[in-house]
Amino acid sequence: MATQTTPGSETFEYRAEMKQLLHLIIDSLYTHKDIFLRELISNASDALNKVQFRLLTDRDILQSDAERRIDIRGDKNENTLRILDSGIGMTREDLIDQIGTVASSGTVAFVEEMKASGKTIDAQMIGQFGVGFYSAFMVADRITIETRNAESDGQGYRWTSDGSGTFTIEEIERGDRGTEVTLHLKDDASEFAEIWKLKEVIRRYSNFVDFPIHVDGEKVNTVRALWHKGKSEIEEEELTEFYKFISSDFNDPLGHLHLHLEGRVDFRALLFVPKRAPRDLFREDYKYGLHLYSSNVFIQDDCKSLLPDYLRFIRGVVDTEDLPLNISREVTQQSQAMAKIQHALTGKILDLLKTWALDEPDKYAAFFREFGTLFKTGLGTDFSNRDELIELLRYESTKTEKGVYTSLEQYVDRMQSAQKEIYYLLGDSRSSAEKNPNLEYFKKNDLEVLLLLDPVDVFTVTSLPKYKDHEVKSIEKADLDLKMEKKSKEALSKHEQKKLIERFKSILSDRIEDIVVSRRLVDSAVTLVVGKAGMDAQVERMMRMMDEQFSGSKKVLEINMGHPLIRNLATLREKGSRDRLVELSILQLFEGALLVDGSLSAPSDFVSRMTELMEDATASTPQD
Ligand code: ADP
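Sequence order as written defines the numbering, with residues in each chain counted from 1. Only residues with pLDDT of at least 70 are given local features in this predicted model, and only at 80 or more are side-chain atom pairs given and counted; all residues enter the totals for whole chains, interfaces and linings. Excluded from the side-chain calculation are hydrogens and water; included are all heavy atoms of the structure.

### Focus: the site of the ligand
To keep it simple, the criterion reads: Residues are counted as near a molecule or strand when any one of their heavy atoms sits within 4 Å of it. For this analysis, a polar contact is any N or O atom pair within 3.5 Å, provided that within protein one partner can donate a hydrogen and the other can accept it, and provided that sequence-adjacent residues contribute only side-chain to side-chain pairs. Areas reported here follow the Shrake-Rupley algorithm with a probe of radius 1.4 Å; residue values treat only the protein chains shown as occluding. Each helix is a run of H or I in the DSSP string that is no shorter than four residues. Each strand is a run of E no shorter than two, and both are numbered from the N terminus. The nonpolar class holds Ala, Val, Leu, Ile, Met, Phe, Trp, Tyr, Cys and Pro. Asp, Glu, Lys and Arg form the charged class, and all remaining residues, Gly among them, are polar.
Taken together, Asn43, Ala47, Asp85, Gly89, Met90, Gln98, Ile99, Gly132, Phe133 and Thr179 make up the full set of residues adjacent to the ligand. In this structure, asparagine 43 approaches the ligand through a side-chain N or O atom, which is 2.7 Å from an oxygen atom. Protein chains shield 75% of the accessible area of the ligand, which is 530 Å² for the free molecule. Mapped by element, the contributors of at least two residues to the shell around the ligand are helix H2 (35-55) and helix H3 (92-99). In the shell around the ligand, the residues fall into 4 nonpolar, 5 polar and 1 charged.

In structure tokens form, the structure reads like this:
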């Protein structure tokens with residue numbers, strides 16, 4: 001192909017993160033070098049898909065009758081590798097914006113995060129965000145792209161870079177639509193100029209590409225969509241490679257679903273549950289969606305309307321004959337057929353998860369650990385599958401080891417005969433939750449408490465008022481049904497208790513909703529619980545994080561009348577001696593409970609009172 005360079009080329013700088021990213025890719029992927037070929041072929045295939053989609057409604061493009069195919073050529077003498085496609089091509093802006101920048105802001109954020117924390121990145125991690133075009137610099141010390149956009153009045157461009165800091169763009173004469181990428185191979189990558197090597201690498205996934213691939217003129221693929229094969233015809237390894245091809249993930253998938261449904265709606269689907277949650281799963285620019293095909297023709301690769309949001313981690317392909325061929329993206333979103341497919345897919349995915357939960361609990365736990373946070377949000381959005389979702393919930397509890405889950409069903413099976421309610425405690429880590437004094441009563445009486453340690457639980461638990469007729473209740477609420485008797489040591493008389501509570505009230509009056517005798521404490525002297533209308537401590541912590549002015553509602557202070565310190569205070573009060581000490585102790589007890597709760601706003605008063613108490617205690621030691 002004759003190309004003539006016009007004078008005048010422009011040089012651009014990469015964004016600073018680009019270089020870092022490149023180093024990262026090279027360092028972490030050196031054992032998976034051939035990844036780059038998958039990335040380039042996938043780009044070529046995307047570009048061909050775009051042309052094919054465009055041609056459905058518009059034939060007024062450059063070379064509208066040109067065969068849509070990919071050509072790969074190795075040249076041992078020049079030590080080069082060329083990948084050509086007759087796809088949509090790129091404009092000058094595309095070259096600057098798409099090739100000259102990092103794919104997603106998530107990638108940049110991730111690189112910076114890792115750098116700041118001094119951590120190293122391995123291939124597993126890098127696989128989570130897709131390395132794209134730049135991975136070709138692993139094997140090439142210079143790359144040239146020649147391209148012309150499919151618009152009939154498009155212009156040809158040449159992009160060149162050695163990947164180190166700048167790239168150059170110039171106008172060229174180019175007759176053909178599409179893109180030609182030339183890699184000037186590094187010495188230690190010269191095998192990628194060898195035909196046998198190229199064939200070997202490409203064969204692994206060439207059958208997932210919807211267009212013929214020719215290696216040095218020889219066609220190497222059959223172009224028969226994998227999802228059109230019968231279940232028994234597909235090898236496990238083929239599925240794994242297909243998953244990696246469409247998702248750019250390095251890990252094998254955790255599991256898959258192969259569907260062929262006929263009836264109210266006809267479609268075939270190959271769906272995958274990844275092993276790892278991608279880093280950007282919760283970012284706004286997370287690119288999700290299934291690849292949608294209509295009668296074997298690619299429509300789009302990010303079709304969101306096929307999945308509810310809480311299942312957005314699922315990867316895969318859906319092919320249906322129920323859509324009109326000249327369909328636009330907007331139409332797919334509203335179509336009846338799409339809604340029906342979404343409904344069917346959701347049901348099948350939940351069935352798959354249910355099967356794992358029953359037959360392969362470890363696999364299910366691995367799934368839940370990665371995707372549970374997102375999955376639980378379905379409770380608040382997918383009311384038609386509520387019952388299924390509730391059965392699929394998993395939590396740690398005081399009866400599980402750290403990191404081990406229980407289902408609500410298992411919890412209920414273990415409930416004591418007198419126990420009516422399901423108890424939970426919100427917390428931000430297992431260790432801090434386990435130290436919560438409100439747990440003491442439950443430990444003492446061998447009552448299981450679910451530990452809700454995921455930040456999202458604060459919101460999702462509100463969608464779970466009941467399970468199988470058992471109310472689901474926070475143990476931080478004051479209105480628990482605590483029937484079991486607590487054996488306390490020589491509790492104070494009713495009269496003494498009343499007087500002591502009055503003394504507490506006189507000191508704390510305006511800072512507290514009420515003061516009551518505790519039925520739940522065993523080892524601690526006091527604890528704070530939430531009044532009828534109040535919020536859990538964890539919810540308040542969240543509110544305070546979002547709004548510094550947020551003050552929360554007043555709490556109820558519970559006093560353990562069997563605790564030695566409380567009995568001492570009662571004695572001192574009775575004798576009317578050391579009034580200051582009693583007052584300081586009451587304030588310390590209250591503010592100490594606030595501290596444990598994470599809601600002590602002025603720690604300096606607390607500390608100076610503590611100093612005063614210690615001074616008092618050290619001065620009065622009789623032996624000295
Ligand atoms: P990704 O494919 O994940 O978007 P890449 O870095 O591989 O990331 O490619 C960036 C973008 O460059 C693509 O999204 C596409 O817009 C453009 N591009 C790359 N290769 C081609 C090609 N052969 N034809 C047309 N556009 C391409």
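### Describing the domain arrangement of the protein chain
Put simply, the rule is: Boundaries of every domain are those given by an automatic assignment or by a domain database. In what follows, a contact means two residues having at least one pair of non-hydrogen atoms within 4.5 Å. Buried area is a sum: the accessible area each of two parts loses on coming together, probed at 1.4 Å, counted once for each and added. The salt bridge criterion pairs a side-chain nitrogen of Lys or Arg with a carboxyl oxygen of Asp or Glu, the two atoms within 4 Å.
Under the domain assignment used here, the protein chain contains domain 1 (2-219), domain 2 (226-365), domain 3 (395-474) and domain 4 (494-619). With 13 residues of domain 3 at the contact, the number on the domain 4 side is 15 residues. Summing both partners gives a buried area of about 1,200 Å² for domain 3 against domain 4, and 58% of it is carried by carbon and sulfur. Per-residue buried area on domain 3 facing domain 4 is highest for Pro437, Asn438 and Glu440; these three make up 39% of the total on that side. The tally of links from domain 3 across to domain 4 stands at 0 salt bridges. Among the elements of the structure, strand S16 (422-426), helix H14 (440-444) and helix H15 (457-460) are those that each provide at least two residues to the side of domain 3 that touches domain 4. Per-element accounting of the side of domain 3 that touches domain 4 gives the leading share, 3 residues, to H14.

### Overview of the side chain of serine 397
The cut-off we apply is this: Here the term buried applies to any residue with accessible area under 20% of the maximum for its type, exposed to any over 50%, and partly exposed to those in between, with areas from a 1.4 Å probe on protein chains only.
Along the chain, serine 397 turns up in strand S15 (residues 396-397). Residue classification places serine 397 among the buried residues on the basis of a relative accessible area of 0%. Only 2.9 Å separates the side chain of serine 397 from the backbone nitrogen of lysine 399, close enough to count as a polar contact.

### Concerning the sheet that holds strand S17 (residues 449-452)
Here is the rule: Strand pairing follows a simple DSSP-based rule, namely that at least 2 bridges must link the two strands.
If you trace the 5 strands from one edge of the open sheet to the other, you get S15-S17-S16-S19-S18, paired in mixed fashion. The open sheet has two edge strands, S15 and strand S18 (466-467), and neither has a second partner. Direction of pairing for S18 relative to strand S19 (residues 470-474): antiparallel, over a ladder of 2 bridges. Looking at S19, one finds that lysine 466 is bridged to glutamate 471.

### Here's the deal with the packing of aromatic side chains
Counted only if it meets this: Two rings from Phe, Tyr or Trp (for Trp, the six-membered ring) form a pair when their centres are within 6.5 Å of each other. A pair whose planes differ by under 30 degrees is stacked, one over 60 is edge-to-face, and the rest are tilted. Any Lys NZ or Arg CZ found within 6 Å of a ring centre and within 35 degrees of that ring's normal is scored as a charge over the ring.
Evaluation of the coordinates by the stated rule reveals 28 aromatic pairs. Residues tyrosine 14 and phenylalanine 167 carry aromatic rings whose centres are separated by 5.2 Å and whose planes lie at 45 degrees to one another, so their mutual orientation is tilted. One end of the pair, tyrosine 14, is in the loop between strand S1 (5-13) and helix H1 (16-29); the other, phenylalanine 167, is in strand S6 (residues 166-172), with 153 residues separating them in the sequence. Here tyrosine 14 and phenylalanine 167 have matching classes, each one buried. Ring centres of tyrosine 441 and phenylalanine 442 lie 5.2 Å apart, and the angle between their planes is 85 degrees; on these two criteria the pair is classed as edge-to-face. Across the pair, exposure class does not vary: tyrosine 441 and phenylalanine 442 are buried alike. Every member of this aromatic cluster is reached through a ring pair, and the members are Phe208, Trp227, Phe242, Tyr243, Phe245, Phe272, Tyr293 and Phe298. A cation sits over an aromatic face here: lysine 304 above tyrosine 288, 5.0 Å from the ring centre. Over the face of the ring belonging to phenylalanine 282 we find arginine 312, whose NZ or CZ atom lies 5.4 Å from the ring centre.

### With respect to the sheet that holds strand S14 (residues 315-320)
Put simply, the test is: Note on method: axes are straight lines fitted to C-alpha atoms, helices fitted across the in-contact stretch only, with angles between N-to-C directions ranging 0 to 180 degrees.
As summarised here, the arrangement of the 5 strands in space is S10-S11-S14-S12-S13, forming an open sheet in which the pairing is mixed. Across the chains shown, the open sheet's two edge strands, defined by having one partner strand only, are strand S10 (255-261) and strand S13 (297-303). The mean angle between the axes of side-by-side strands here comes to 15 degrees, regardless of whether they run parallel or antiparallel. For strand S12 (residues 290-294) and S13, the ladder comprises 4 bridges, and the chain directions are antiparallel.

### Some thoughts on the packing of helix H18 (residues 564-575) against helix H19 (residues 579-597)
To keep things clear, this is the line we draw: Each angle receives one of four descriptions, namely roughly parallel if under 35 degrees, roughly antiparallel if over 145, roughly perpendicular if within 65 to 115, and oblique otherwise. Note: crossing handedness is left-handed where the near helix turns anticlockwise from the far helix by less than a right angle, and right-handed where it turns clockwise.
Here H18 crosses H19 at 150 degrees, and the two axes come no closer than 10 Å. As far as their axial angle goes, H19 and H18 are roughly antiparallel. Here H18 and H19 pass one another in a crossing that is left-handed. Together, Leu565, Ile566, Leu569 and Leu572 of H18 and Leu581, Val582, Ser585, Ile586 and Leu589 of H19 make up the contact between the two elements. Each residue belonging to the contact of H18 with H19 can be placed in one class, and the counts come to 8 nonpolar, 1 polar and no charged.

### Observations concerning unusual backbone geometry
Backbone geometry at aspartate 216 places phi at a positive 45 degrees, although glycine is not the residue there. Structurally, aspartate 216 is set in the loop between strand S8 (213-215) and strand S9 (218-219).

### Concerning the nonpolar core
Considering soluble globular proteins, one finds that nonpolar side chains tend to be buried as a cluster. Test applied: Put simply, a nonpolar core is a bunch of buried Ala, Val, Leu, Ile, Met, Phe, Trp, Tyr and Cys residues held in one set by side-chain atoms that sit within 4.5 Å of each other.
Counting 75 residues, the largest nonpolar core has Phe267, Leu345, Phe367 and Phe375 as the members making the most contacts within it. With 11 residues, the top contributor of residues to this core is helix H9 (residues 336-359). Both domains that meet at this core, namely domain 2 (226-365) and domain 3 (395-474), each give it at least three residues. Other than its neighbours up to four places away in sequence, phenylalanine 367 contacts Leu254, Val273, Phe313, Leu353, Trp356, Gly372 and Phe375. Counting 65 residues, the second largest nonpolar core, distinct from the first, contains Phe12, Phe211, Ile234 and Phe242.

### Quick word on the pattern of salt bridges
Per the counting criterion, the structure on display carries 36 salt bridges. The partner of glutamate 146 in a salt bridge is arginine 158, with the nearest N and O atoms 2.8 Å apart. With glutamate 146 in strand S4 (residues 140-148) and arginine 158 in strand S5 (residues 156-161), this residue pair connects regions lying 12 residues apart in the sequence. In this pair, the class of glutamate 146 matches that of arginine 158, namely buried.

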